[in-house]
Amino acid sequence: MRSFPALQLKLRKTNWPLSRYGLPVFRHRKKNTLTTFDNIVSYLQKQNYNADGDLTPKQCGDIIAYTALLRDKLYPALLHIWWIHEKNYVQVTRPWYAKVLRFPLNYFLPGHQRRAAQATIDNQWTSDLIKEAEREQIIYKDAQECLNLLSYRLGDNDYFFGNNPCSLDAIVFGFLAPLLKAPFENSNLQNHLKACTNLQQFVQRILQRYFPLSPEEAEALKKKAEQEAEEKKEFPNPWKDILLWGTFVGAIMLGYAALTRKLGRNKNLIRNLKKWETYLIDYEV
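Just so you know, the residues in each chain are numbered from 1, in the order the chain's sequence is written. It should be noted that, the model being predicted, local features are given only for residues of pLDDT at least 70 and side-chain atom pairs only at 80 or more, the latter also being counted only at that level, while totals for whole chains, interfaces and linings use all residues. The side-chain figures draw on all heavy atoms in the structure; neither hydrogens nor water molecules are used.

Our working definition: UniProt positions are given in the numbering used here, feature names are shortened, and annotations may be inferred rather than shown by experiment.
As annotated in an unreviewed UniProt entry, the protein is Metaxin-1 from Oedothorax gibbosus. Quoted verbatim from the Sequence similarities (unreviewed entry) field of UniProt, the annotation for the protein is "Belongs to the metaxin family." One UniProt comment on the protein, placed under Subcellular location (unreviewed entry), says "Mitochondrion outer membrane".

### Some points on the packing of helix α2 (residues 57–84) against helix α3 (residues 86–100)
Filter applied, for reference: Whenever a helix is involved, its axis is fitted only over the stretch in contact; in every case the axis is a line through C-alpha atoms, and angles between N-to-C directions fall within 0 to 180 degrees. Counting from the N terminus, the helices are the DSSP runs of H or I reaching at least four residues and the strands are the DSSP runs of E reaching at least two. Roughly parallel means an angle under 35 degrees; roughly antiparallel, over 145; roughly perpendicular, 65 to 115; everything else is oblique. Any two residues whose heavy atoms approach within 4.5 Å are treated as being in contact. Asp, Glu, Lys and Arg are counted as charged, while Ala, Val, Leu, Ile, Met, Phe, Trp, Tyr, Cys and Pro are counted as nonpolar; the rest, among them Gly, fall into the polar class.
Interhelical geometry of α2 versus α3 gives an angle of 75° and a closest axis separation of 6 Å. Considered as vectors, α2 and α3 are oriented roughly perpendicular to each other. Note on element contacts: α3 touches α2 through Glu86, Asn88, Tyr89, Val92, Thr93 and Tyr97, opposite Ile81, Trp82, Trp83 and Ile84. Here the residues of the contact of α2 with α3 sort into 7 nonpolar, 2 polar and 1 charged.

### Remarks on the pattern of salt bridges
Spelled out, the test is: Put simply, a salt bridge is a Lys or Arg side-chain nitrogen that is within 4 Å of an Asp or Glu carboxyl oxygen. Whether a residue is buried, partly exposed or exposed follows from its accessible area with a 1.4 Å probe, protein chains only, as a fraction of its type maximum: under 20%, in between, or over 50%, in that order.
One pass over the structure, following the stated rule, counts 7 salt bridges. With its nearest N and O atoms 3.0 Å apart, the salt bridge here joins Asp122 to Arg135. You can see Asp122 sitting in helix α4 (residues 105–124) and its partner Arg135 sitting in helix α5 (residues 132–154), a full 13 residues away along the chain. Among the residues examined, Asp122 registers a relative accessible area of 30% and is labelled partly exposed.

### Overview of α4
Keep this limit in mind: Every helix has an expected span of 1.5 Å times one less than the residues it contains.
Taking 1.5 Å of rise per residue, the 20 residues of α4 would be expected to cover 28 Å, and the 28 Å separating its terminal C-alpha atoms lies within 8% of that figure. Of the residues making up α4, those classed as buried are Leu105, Asn106, Leu109, Pro110, Gly111, Ala117 and Ile121. On its buried face, α4 is in contact with α2, α3 and α5.

### Here we look at the nonpolar core
Test applied: Working definition of a nonpolar core: buried Ala, Val, Leu, Ile, Met, Phe, Trp, Tyr and Cys residues. They are joined through side-chain atoms within 4.5 Å.
Among the nonpolar cores identified, the biggest contains 45 residues, and Leu74, Phe160, Leu189, Leu199 and Phe202 are the most heavily contacted of them. Within the residue set of this core, elements represented by two or more residues are α2, α3, α4, α5, α6 (167–181), α7 (188–195) and α8 (197–210).

Okay, structure coming up:
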């Protein structure tokens, strides 16, 4: 039965991505250091860890074709939505990188990555005849069509070639999971992915089966949910307080404006108020 190889991996998290290899880095027996997906898969296949061992030559060819489709049609849109889109970059991408990276990388690496993403898209679209807005529309249109093709190919299956995953499932998951889980305020491409229910279920299936939460992560998630619930109890309707305060301030301003107009038409009242003001000051002293 074919499935993801049961590798015994030791994961090492880092918030210092600068190295001569880049990230991710796969090391085995100190002598073998690999950094690209293709090289890692090729090396593991030589070690008899092959998720595509039972596939036909045609199915292996399909994996190559769909991988090229993802890189040509979906990847530019992901670069744009994470790094180029101004609102997403300011509200999601840059704050997240600034939070998890160590000083001083948290200051300059997000900007560096954004420029690199822009350069990648510019290199793919070298024509000066296409305006920026038109180019953006084409990028997202191609990405949506790519998602439609993936959804059609997956159909009602759990995985792309039946009931067990292969390397294509790993590649597609790597593209779709961050897009599905990112806390974007409003993204047409993310909404389109959510509308492809079989792709959404596909991501959830792999997350639950191969990336279960650790006890520490589950506990942290539970505490966060409890804290948010407690905050909602303490402040059940923050907009109510805001509206009441705004009404109060507005009433004061209207009253002040009415009083000002009235004072402007009644000089005797102004003089009397000044007398009362003097009297109050003397009384306080």
